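Understanding the architecture of this molecule
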Amino acid sequence: MVAFKPSWTVTTGKAPKDKVESFHQTSEWQKLSRRKRQDQPLCEVCLADGGRVTAAQLVHHLQSIRERWDLRLTYSNLQSQCQACHNRITAEEVSRKSN
């Protein structure tokens, strides 16, 4: 597997927003995301919150790749989520960062 190599230098430890967005289009991410959803097809948040059984539609980085670019392809940093949980968790993260 060829590693995704950014065309920018990390000086602050944060990846630029446009680079994060373009990363989500790479074949490396698409393959890893697909593998995670195959391995865990149910929303891990719903399962942990009362055992609800909900299909996962996407994969979330537990530690933001904007903050931790080095973990972007780390399987243990991924969580299968349904759209509702992803929307709620993302909104909470954005709210925490703005406060």
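Residues numbered from 1 in each chain as written. Predicted model: local features only at pLDDT ≥ 70, side-chain atom pairs only at ≥ 80, totals over all residues. Heavy atoms only, no water.

Within the largest apolar cluster, nine residues are counted, these being A15, V20, F23, W29, L32, V59, I65, W69 and L78. Mapped onto this core, the elements with two or more residues apiece are α1 (17-23) and α2 (27-39). The next biggest cluster of nonpolar side chains, apart from the first, holds six residues, and it includes C43, V45, C82 and I89. (Core = buried A, V, L, I, M, F, W, Y, C linked by side-chain atoms within 4.5 Å. Buried < 20%, exposed > 50% of the residue type's maximum accessible area, 1.4 Å probe, protein only. Helix = DSSP H or I, 4+ residues; strand = E, 2+ residues; numbered from the N terminus.)

A few words now on the layout of surface pockets. Estimated volume of the largest pocket: approximately 650 Å³. Residue lining of the largest pocket: 21 residues in total, with V20, H24, S64, I65 and T90 positioned closest to the centre. Those elements giving two or more residues to the lining of the largest pocket turn out to be α1, α2, β1 (58-61) and α4 (83-98). When residues in the lining of the largest pocket are grouped by element, the largest group, five residues, is from α4. In the lining of the largest pocket, the residues fall into seven nonpolar, seven polar and seven charged. (1 Å grid on protein atoms, 1.4 Å probe; cavity = no way out; pocket = protein on both sides within 12 Å on 5 of 7 lines; lining within 4 Å. Points joined across faces, edges and corners; volume = space filled by probe spheres on them. Nonpolar A, V, L, I, M, F, W, Y, C, P; charged D, E, K, R; others polar.)

For α2, spanning 13 residues, the distance from its first C-alpha to its last is 18 Å, which sits close to the expected 18 Å at 1.5 Å a residue. Within α2, burial applies to E28, W29, L32, S33 and K36. Viewed end-on, α2 has its buried residues packed into an arc of 120 degrees, placing them on one side of the element. In α2, the exposed positions angled more than 90 degrees off the buried face are occupied by K31 and Q38. Close packing links the buried residues of α2 with α1, α3 (44-48), β1 and β2 (78-81). (Expected span 1.5 Å × (residues − 1). Arc of directions from axis to C-beta. Contact = heavy atoms within 4.5 Å.)

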